[in-house]
Amino acid sequence: MADKRKLQGEIDRCLKKVAEGVEQFEDIWKKLHNAANANQKEKYEADLKKEIKKLQRLRDQIKTWVASNEIKDKRQLVENRKLIETQMERFKVVERETKTKAYSKEGLGLAQKVDPAQKEKEETEQWLTNTIDTLNMQVDQFESEVESLSVQTRKKKGDKEKQDRIEELKRLIERHRHHILMLETILRMLDNDSIQVDAIHKIKDDVEYYIDSSQDPDFEENEFIYDDLDLEEIPTTLMATSPQGHTEDDMFLQSSSTPTSTTSSSPIPPSPATGTTVNRFLSFFLSSQSSLLRISVIFLLTAVSSVTPFGLSQAPEPPSSLKAMAERAALGLTLDGEISSLHLPDRAPPGPTSAPQPAVSEVNLPPSLGACPLGPTPLTKEQLYQQAMQESTWTHMPHPSDSERIRQYLMRNPCPTPPFHHQVPPHHSDSIEFYQRLSTETLFFIFYYLEGTKAQYLSAKALKKQSWRFHTKYMMWFQRHEEPKTITDEFEQGTYIYFDYEKWGQRKKEGFTFEYRYLEDRDLQ
């Protein structure tokens, strides 16, 4: 009884901190959107980030209590968890708005240029990633609880309730890992465009229901969630490389039952399972052009050779051939057409045993490839120098545009310019004073058509000095036509003149509500 009162006290204190944290978050949120300059916004955003971190820690504690069977009524805990998650979503919006510059290409045309299909795919990828993270987090909580209960059961044996809870947690961990494996496969397939987004949407409700309700007593899991996605085709295809009629255990028993006399000099023919498996294994991996795969195979082959009863220098022809192929792979040679030299018979040849083969010369693999059973060897001074030079190149990586030749404009039909026209750019043409003398329409042209240049920056500065204000939602410049009829801390309402860059002209809008959160009020220095 005392333990329950103590637990309830901890929950009450946690929920009180949540209420205070949400209130503080809301207060900073309002200050952020009412900030007058960029420095204040940065400060409030940093405060907002600190507050959301505190709330996330409280959310983790709440999720642990929700997963526990000691608490019967979990409605208040669930409500507070959802309240924190709402604030987390609001903070993500702030981060996105901060990272998108008002005058950047993304800021001016992002909404118009996003492909709907690509956007839907990215949202689905984000949902899969978040779902996998949630499942992994729950698995961590389950494992932590299992460890805690295991310690308690060792101290107090015969506690059937705790034993049942441990078994239930282990079952949940197994099911969670199954779902994680399936979702990770789906994520890879989506990234490779080998699965449709609509097919993933069909399982979304079932997966979310499993995450939210898998710990409920009356929960019934749909075991056929992924059946329509044909996820079994991938492992089936990979398993087709194994010889028919032999399981992994059978092949292991056959290979391990082969006589291994250290004094025999006659070669031992490979078993059918072993020969076929090695051939197909090497045909699949060594034909790849990937350096990582080749190095992995080299390491495996070296390990295989090292455990045979023959030495590396005294091996028969499933090891000498392997070493020869490993050496060619280590040298980075193309292996197309060379797999036939590694051919091993699918069954033992009939007739008498062949004569002993002469010993082959010893093959040394460079230790720098990582295939060194005895451990790494120190790099030479030359290798260290090459490594340092290679790492330094990463700091000065070339850009594709660096290879483009600078194009000089050559006039096909040059026309002499009268001397009373400017022969060179006007003096101080890159100053704010020069831009203030330009017409308003010219400033709009520079702003929208010279994106990302100093000219765009100076035109924006000149427009601000003429009382134009940039609206970050509509990507248009607004100017008061008259004093606003309504002014609050969050918006003002009245008649405005705005420049329509699509129809290229100034328009008047009556009764327009200008929300201050969409006002680009950065102080242009």
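Scroll up a little and you will see the structure.
Residues numbered from 1 in each chain as written. Predicted model: local features only at pLDDT ≥ 70, side-chain atom pairs only at ≥ 80, totals over all residues. Heavy atoms only, no water.

Enquirer: Would you explain the environment of H471 in this entry?
Expert: Tracing the backbone shows H471 in strand β1 (residues 469-471). Excluding residues that lie within four positions of it along the chain, H471 makes contacts with M476, F478, F512, F514 and Y518. Within the structure, the side chain of H471 is placed 3.3 Å from the backbone nitrogen of Y474, a separation counted as a polar contact. (Helix = DSSP H or I, 4+ residues; strand = E, 2+ residues; numbered from the N terminus. Contact = heavy atoms within 4.5 Å. Polar contact = N/O pair within 3.5 Å; in protein donor to acceptor, adjacent residues only side chain to side chain.)

Enquirer: Got a minute to help me understand the packing of aromatic side chains in this structure?
Expert: The relation between two aromatic rings is expressed through the spacing of the ring centres and the mutual angle of the planes. Summed over all chains, the structure comprises 22 aromatic pairs. Their ring planes at 80 degrees and their centres at 5.8 Å tell us that F434 and Y435 sit as a pair that is edge-to-face. Counting every residue linked through ring pairs, the aromatic cluster contains F444, F445, Y449, W468, F499 and W504. Above the face of the W29 ring, R90 is positioned so that its terminal group lies 4.2 Å from the ring centre. (Phe/Tyr/Trp six-rings, centres within 6.5 Å; stacked < 30°, edge-to-face > 60°. Lys NZ or Arg CZ within 6 Å of the ring centre and 35° of its normal.)

Enquirer: Quick question: what am I supposed to make of the pairing of strand β5 (residues 505-515) here?
Expert: A regular strand carries its side chains on alternate faces of the sheet. Pairing of strand β4 (residues 491-500) with β5, which is carried by nine bridges, proceeds in the antiparallel orientation. Looking at the pairing, G494 lines up with F512 of β5. Taken together, β4 and the strand that follows it, β5, pair antiparallel across an intervening segment of four residues, in which W504 is found at a positive phi of about 55 degrees. (Pairing = 2+ DSSP bridges.)

Enquirer: Which parts of the structure should I look at to understand a positive patch on the surface?
Expert: Taken together, the side chains of K49, K50, K53, K54 and R57 make up a positively charged region of the molecular surface. Topologically, R57 is positioned in helix α2 (residues 38-67). (Patch = residues over 30% accessible without salt bridge, like charges linked within 9 Å, V, L, I, M, F, W, Y side chains within 5 Å. Areas by Shrake-Rupley, 256 points an atom, 1.4 Å probe, with all protein chains shown as cover. Salt bridge = Lys/Arg side-chain N within 4 Å of Asp/Glu carboxyl O. Lys, Arg positive; Asp, Glu negative; His and termini not counted. Charge placed at Lys NZ, Arg CZ, Asp CG, Glu CD.)

Enquirer: Just checking my understanding: could you explain the pattern of salt bridges for this structure?
Expert: Any two side chains of opposite charge can pair if their charged atoms end up close together. A full pass over the atoms with the stated rule returns 17 salt bridges. Note that D73 and R75 form a salt bridge whose closest N and O atoms lie 3.1 Å from each other. Taking the relative accessible area as the measure of exposure, R75 reaches 61% and is therefore exposed. Overlapping salt bridges bring together R59, R81 and E85 as one network. (Buried < 20%, exposed > 50% of the residue type's maximum accessible area, 1.4 Å probe, protein only.)

Enquirer: What is the right way to read the side chain of T131 from this model?
Expert: Summarising the element assignment, T131 is placed in helix α5 (residues 116-155). The buried category is assigned to T131, whose relative accessible area is 5%. Filtering out sequence-adjacent residues up to four positions away, T131 remains in contact with L183, V207 and I211.

Enquirer: For this particular structure, what's the right way to read the environment of E220?
Expert: With respect to the helices and strands, the residue E220 is situated in the loop between α7 (197-213) and α8 (233-239). Assessed through its relative accessible area of 66%, E220 is described here as exposed.

Enquirer: Whenever I open this one, the side chain of Q141 confuses me. Can you help?
Expert: Summarising the element assignment, Q141 is placed in helix α5. Q141 sits in the buried class, given a relative accessible area of 16%. In this structure, Q141 is in contact with D60, K63, T64 and A67, ignoring residues within four places of it in sequence.

Spatial relationships are all this shows, so hold off on functional conclusions.
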